[in-house]
Amino acid sequence: MNEARNDGGGRRLRWLLTSSAASHLGDGIGKVALPLLATTLTRDPVLIAGLSATQFLPWLLFAAVAGALVDRIDRRRAMIVANSARAVAVGVLAVLVAVGGMTIWLVYLTALIIGTAETIADSAANALIPAVVGDGSLDAANSKLQACEIVGQTFLGGPVGSLTFALFAAFPFVLNSAGFAIAAAVLLGLAGTYRARAETPVKPAKLRTELADGLRWLRGHPLLLRLVVVAGLLSLVSELAQAQLVLYALEDLHLSDATFGFFAFVGGIGGLLGAGVAPRLVRATGRLPVVTGGIVCCGLGFGGMGLVRSPVAGAALFGLFAAAVVAVNVVLATARHTLVPGELLGRVLGVWRTVVWGAIPLGALLGGVLTEQLGSAARTFAVSGVAMLVIAAVAFGALRRSSLGDESDSAAALTHHDPGL
């Protein structure tokens, strides 16, 4: 048990959510401003996709190690150090943009540094959820965390990033750096110790052994293993299109730099709706319909974006995708938190994100090549949408015989830690 559980769960959760909100706001500003900055240096779809791949490459390389580390160290302190590092990196980027010293390769380098720190910050934040919630609802807590991400990254961060970039290219990166700095400072108010505790004290093992323990546990848990495969496939094919979003908006929908963020704003509205309704949908229908139905809606959203040329229709369909993918993420996050023992959570999450987030760089690069071959980002969105409909069918076939497929059994399954489930 974590010592922090003795404190008020609601108050601890508010500190974590406040920090996450500041971090995601800064992150959202940067994730719109970085690709816009890249388009001022190149319009090559492969190089644009390479930026997205670079941002997520650390998840492929370091996610498992990051997960093992957050099982060894105080998770709150890990978030403070990681957010501070991101604040410094983006601050340096702002200075370089202001003095006109940027190249596409420096943009890549900054994205790589930010992404590496993010593996620690996000892994620690997710592993902290059960500790700060205590006896509260994990579904509700995960929905709130998803809402913070959506509000920060798309609902507010997207428009702020595009508008400030249009005013002064360095401006959004100053705000981005400030967001990470505030996120680190807020966590100083989160009292308690947040180091993982095993039920039975054991001698610390080598890092390689701990990584192997996480992988072995996941391989021995058929339900969670199926979920990570489904999530990895969804991540891969959705990034085919998402890495091309800036080109889709600027070239296919003919939006300006300033209005690109408002395209993402509509996606943020959809994401908020998804986070809000996900717990209700789970209670009403069970988890399998939310997962498979959500993936179907993701496919319809991206497939539709490939067929329309209206900015309003394109943004609305992006909102549908955002709502659906957030609902799916809420279910997956709750499954991880309730199925995985607390002392293994960081390591299993690291393996999960190595697969799921590690698929993003590959998907991004494939999307860039696909856009180059097909001649437009809109066609890449259409291909991605069709692929997600196929994944929905695969998910239904893989999960329908498990306890995830029946609401009455689902609660029992998601509180059972038997690796043989």
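The name that an unreviewed UniProt entry assigns to the protein is MFS transporter, with the source organism given as Amycolatopsis bullii. Listed under Subcellular location (unreviewed entry) in UniProt, the entry text for the protein is "Cell membrane".

### Points about the overall build of the protein
Counting secondary structure elements, the protein contains 16 helices and zero strands. Looking at the 421 residues of the protein, the share that counts as buried comes to 57%. For the protein, the proportion of contacts with a sequence separation of at least 24, taken over those separated by at least 6, is 88%. Entry remark: accessible area of the protein is about 16,300 Å², with carbon and sulfur atoms responsible for 67%.

### Things to note about the pattern of salt bridges
One pass over the full model with this rule turns up three salt bridges. The residue lysine 31 makes a salt bridge to glutamate 118 at a minimum N-O spacing of 3.7 Å. A residue pair is termed long-range when its members are at least 10 positions apart, and lysine 31 in helix α1 (residues 9-39) and glutamate 118 in helix α4 (residues 104-133) qualify at 87 residues. Judged by its relative accessible area of 27%, lysine 31 falls in the partly exposed class. Between arginine 43 and glutamate 251 there is a salt bridge, with its nearest N and O atoms 3.5 Å apart. Here the residue arginine 43 occupies a position in the loop between α1 and α2 (45-70), and glutamate 251 occupies one in helix α9 (residues 245-252), the gap between them amounting to 208 residues. On the accessibility criterion, arginine 43 (44% relative accessible area) is partly exposed. Overall, glutamate 251 belongs to the partly exposed group, its relative accessible area being 39%.

### Some thoughts on the packing of helix α12 (residues 311-339) against helix α13 (residues 345-356)
Orientation of α12 relative to α13, taken along the N-to-C sense of each, is 140°, at an axis distance of 10 Å. Relative to α13, the crossing made by α12 is right-handed. Here α12 contributes Leu332, Arg336 and His337 to the contact with α13, which in turn contributes Leu345, Leu349 and Trp352. Here the contact of α12 with α13 is built from residues that sort into four nonpolar, one polar and one charged.

### As for the confidence of the model for the protein
Mean pLDDT over the protein works out to 81, with 87% of the residues at or above the 70 mark. The least confident element of the protein, judged by mean pLDDT, is helix α16 (residues 407-413) at 34; the most confident is helix α6 (residues 171-186) at 94. Low pLDDT (under 50) marks residues 1-7, which in the prediction has 19 contacts with non-local residues, meaning those over four places away or in another chain. Between residues 198-205, whose pLDDT stays under 50, and residues either more than four places distant or in other chains, the model counts five contacts.

### With respect to the environment of glycine 293
Relative to the helices and strands, glycine 293 resides in helix α11 (residues 287-305). You can call glycine 293 partly exposed: its relative accessible area is 29%. For the pair glycine 293 and valine 328, spaced 35 residues apart in sequence, the C-alpha separation works out to 8.7 Å.

### Side note on α12
Between its terminal C-alpha atoms α12 stretches 42 Å, which fits the 42 Å expected from 29 residues at 1.5 Å a residue. Judged by how many residues are buried, α12 sits mostly within the fold: 23 of 29 residues are covered.

### A look at the packing of aromatic side chains
Throughout the structure, instances matching the rule amount to six aromatic pairs. For the ring pair phenylalanine 302 and phenylalanine 318, a centre distance of 6.4 Å and an interplane angle of 10° mean the geometry is stacked. One end of the pair, phenylalanine 302, is in helix α11; the other, phenylalanine 318, is in helix α12, with 16 residues separating them in the sequence. Accessibility expressed as a relative area gives 0% for phenylalanine 302, which makes it buried. With centroids separated by 4.9 Å and ring planes inclined at 75°, the aromatic side chains of phenylalanine 302 and phenylalanine 381 adopt a geometry described as edge-to-face. Of this pair, phenylalanine 302 sits in helix α11 while phenylalanine 381 sits in helix α15 (residues 377-399), and the two are 79 residues apart along the sequence. Each residue in the set Tyr248, Phe302, Phe318, Phe321 and Phe381 is aromatic and connected to the rest through ring pairs, giving one cluster.

### A short note on unusual backbone geometry
Although it is not a glycine, histidine 254 adopts a positive phi angle of roughly 60°. Note on placement: histidine 254 falls in the loop between α9 and α10 (257-285). You can call histidine 254 exposed: its relative accessible area is 64%.

So, how was this worked out
Residues numbered from 1 in each chain as written. Predicted model: local features only at pLDDT ≥ 70, side-chain atom pairs only at ≥ 80, totals over all residues. Heavy atoms only, no water. UniProt positions renumbered as here; feature names shortened; annotations may be inferred. Helix = DSSP H or I, 4+ residues; strand = E, 2+ residues; numbered from the N terminus. Buried < 20%, exposed > 50% of the residue type's maximum accessible area, 1.4 Å probe, protein only. Contact = heavy atoms within 4.5 Å. Areas by Shrake-Rupley, 256 points an atom, 1.4 Å probe, with all protein chains shown as cover. Salt bridge = Lys/Arg side-chain N within 4 Å of Asp/Glu carboxyl O. Axes fitted to C-alpha atoms, helices over the stretch in contact; angles between N-to-C directions. Left-handed = near helix turned anticlockwise from the far one by under 90°. Nonpolar A, V, L, I, M, F, W, Y, C, P; charged D, E, K, R; others polar. pLDDT = per-residue confidence, 0-100. Expected span 1.5 Å × (residues − 1). Phe/Tyr/Trp six-rings, centres within 6.5 Å; stacked < 30°, edge-to-face > 60°.

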